[in-house]
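# Overview (structure and organization)
Listed below, chain by chain, are the residues.
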Amino acid sequence: MSIQVLKPKFHVDECLEAVRECLEIGWTGMGFKTVQFEQAWKEYTGHKYAYYLNSNTVGLHLAMKILKMNGGWADGDEVITTPITFVSTNHAIMYENLHPVFADLDEYLCLDPEDVEKKITDKTRAVVFVGYGGRVGQLDKIIEICKKHNLRLILDAAHMSGTKVNGVCPGIWDGVDVTVYSFQAVKNLATGDSGMICWTNEENDKVTRQLAWLGINKDTYTRSNKGTYAWKYDVDYVGYKYNGNAIMAAIALVQLPYLDEENARRRQIVDMYNEGFKNNKNIKAVPAPHHDECSYHIYELIVPDREALLGELAKNDIYGGVHYRDNTEYSMYLYANGTCPKAHEVSQHLITLPLHMWLTDEDVQKIIDVVNGFTA
Ligand SMILES: *Cc1c(COP(=O)(O)O)cnc(C)c1O
């Protein structure tokens, strides 16, 4: 059996039962399970507001849009962001005609507070922080900087489902304006595609609900519960079709109660890897602050020759990955190439090792042996 880099574990029978419930009731769209999942997510995370979306990408877009609207930002205003992320993070800035300014990274591959502060100009309006691999990095320092310079802070928590610090989800820390999670197919809490946007105030949550539903100011579920006048809604914005649906929410509701124990297993695997590599001077694992509560969406090594190691792993039927290429190498973001030397350097040497619920301890040992055999 080959070993994949990422592989979700679905609790299949329970998921099918939950989906069956939607199909039998005849409610597969927005409402019903989506409302239940929003409630469950609020209870699990401590967020006051949560709106279920069809992806994290659209959530980041709405976050930018609403902050831009509220703040009266102009086209071309700047948002400080990371070069080592999935492109969604940076595209969300572009969707709103804002300008991504890239800041360099720290040892956790999260934004480096010092460089963030250096990149602030009089056009800077916000910072997007990616909790890389579930790591909280130096988010506390970034919060201080944002407060000091009156910048909004968006937390791209796509990797952070289940990450806590002293039992608290960092998304609810004072100073984070909005947190966006992903429940995409290979994320820690996997569905097919979906996400959650969590604001700190009711007004933004309300506007999000309308914008994500074509600008309509009542959703179908509320209307059909009220019965009459279901057709008599208003449209306040040119909104989008960004809402999540009950089928995905049904799966999420099944998966959520397993999240903590699955993340604990991820940490066990990370411990095995770290132990296995600690005497190998040629490679270095990317550390995480608050290791005991990190969701560890991915396990990263910094290696001398990534291509060669990926090839060697593949020969052994083990498939590693790369998260991520320096975004300033993409045509779109080439204007910023050279602005983040540390990120650029490390991105040439990053390799993602398999980390998921299907790995046995023997698999992990095999991976360690192959990596050490090739690099030590
Ligand atoms: C997966 C991912 C996204 C996008 O999530 P979707 O739910 O697929 O839209 C955004 N940011 C990061 C860092 C991601 O890994």
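It should be noted that the structure appears before, not after, this text.
The structure presented is a predicted model; accordingly, all values stated were derived computationally and were not measured.

The next point concerns the packing of aromatic side chains. What the rule picks out here adds up to 15 aromatic pairs. Considering the side-chain rings of Trp-41 and Tyr-181, the 4.9 Å spacing of their centres and the 80° angle between planes classify their relative orientation as edge-to-face. Here Tyr-181 lies in strand β6 (residues 178–182) and Trp-41 lies in helix α2 (residues 33–45), a separation of 140 residues in the sequence. A relative accessible area of 3% places Tyr-181 in the buried class. Members of the aromatic cluster, joined through ring pairs, are Phe-37, Trp-41, Tyr-44, Tyr-52, Tyr-181 and Phe-183. Above the ring of Trp-358, the side-chain terminus of Lys-7 is found at 4.6 Å from the ring centroid. The residue whose ring lies beneath Lys-9 is Trp-358, and the NZ or CZ to ring-centre distance is 5.6 Å.

Moving on to unusual backbone geometry. Note: most peptide bonds trans; most residues except glycine with negative phi. Cis geometry marks the peptide bond from His-323 to Tyr-324; its omega dihedral reads 5°. In this structure, Tyr-324 sits in the loop between α11 (306–315) and α12 (341–347). In this structure, Asn-97 is a non-glycine residue whose phi angle is positive, near 55°. As for its placement among the helices and strands, Asn-97 is situated in the loop between α4 (88–95) and β3 (99–102). One non-glycine residue, Asn-150, lies in the positive phi region at around 50°.

The computed volume of the largest pocket comes to approximately 290 Å³. Taken together, 21 residues make up the lining of the largest pocket; nearest its centre are Phe-86, Ser-88, Ala-158, Lys-187 and Tyr-324. If you list the elements that add at least two residues to the lining of the largest pocket, you get α3 (56–71) and α4. Element by element, the count of residues in the lining of the largest pocket is highest for α3, at three residues. Looking at the lining of the largest pocket, its residues break down into seven nonpolar, 11 polar and three charged.

A word on the sheet that holds strand β8 (residues 284–285). Across the sheet, three strands lie side by side as β8-β9-β10; this open sheet has antiparallel pairing. Of all strands in the sheet, those with a lone pairing partner are β8 and β10 (350–353), marking the two edges. Two strands pair when backbone bridges link them, and strand β9 (residues 299–302) and β10 are joined in this way by four bridges, in the antiparallel orientation. Residue pairing in the sheet places Leu-301 in a bridge with Ile-351 of β10. Sheet strands in contact with helix α10 (residues 259–277) are β8, β9 and β10, and its direction is about 15° off that of β9.

For the rest of this paragraph, the subject is the nonpolar core. Counting 55 residues, the largest nonpolar core has Phe-37, Trp-41, Val-127, Leu-153 and Met-196 as the members making the most contacts within it. Secondary-structure elements contributing two or more residues to this core are α2, β3, β4 (124–130), α6 (139–148), β5 (152–157), β7 (195–199), α9 (246–255) and α12. Here this core gets five residues from one element, more than from any other, and that element is α6. If we ignore the near neighbours within four places in the chain, the residues touching Met-196 are Phe-37, Glu-38, Trp-41, Ala-50, Tyr-51, Tyr-52, Leu-53, Thr-179, Val-180, Tyr-181 and Phe-183. Formed by 28 residues, the second largest nonpolar core is a distinct cluster that contains Val-79, Leu-98, Val-180 and Ile-197.

Rules and cut-offs
Residues numbered from 1 in each chain as written. Predicted model: local features only at pLDDT ≥ 70, side-chain atom pairs only at ≥ 80, totals over all residues. Heavy atoms only, no water. Phe/Tyr/Trp six-rings, centres within 6.5 Å; stacked < 30°, edge-to-face > 60°. Helix = DSSP H or I, 4+ residues; strand = E, 2+ residues; numbered from the N terminus. Buried < 20%, exposed > 50% of the residue type's maximum accessible area, 1.4 Å probe, protein only. Lys NZ or Arg CZ within 6 Å of the ring centre and 35° of its normal. 1 Å grid on protein atoms, 1.4 Å probe; cavity = no way out; pocket = protein on both sides within 12 Å on 5 of 7 lines; lining within 4 Å. Points joined across faces, edges and corners; volume = space filled by probe spheres on them. Nonpolar A, V, L, I, M, F, W, Y, C, P; charged D, E, K, R; others polar. Pairing = 2+ DSSP bridges. Contact = heavy atoms within 4.5 Å. Axes fitted to C-alpha atoms, helices over the stretch in contact; angles between N-to-C directions. Core = buried A, V, L, I, M, F, W, Y, C linked by side-chain atoms within 4.5 Å.

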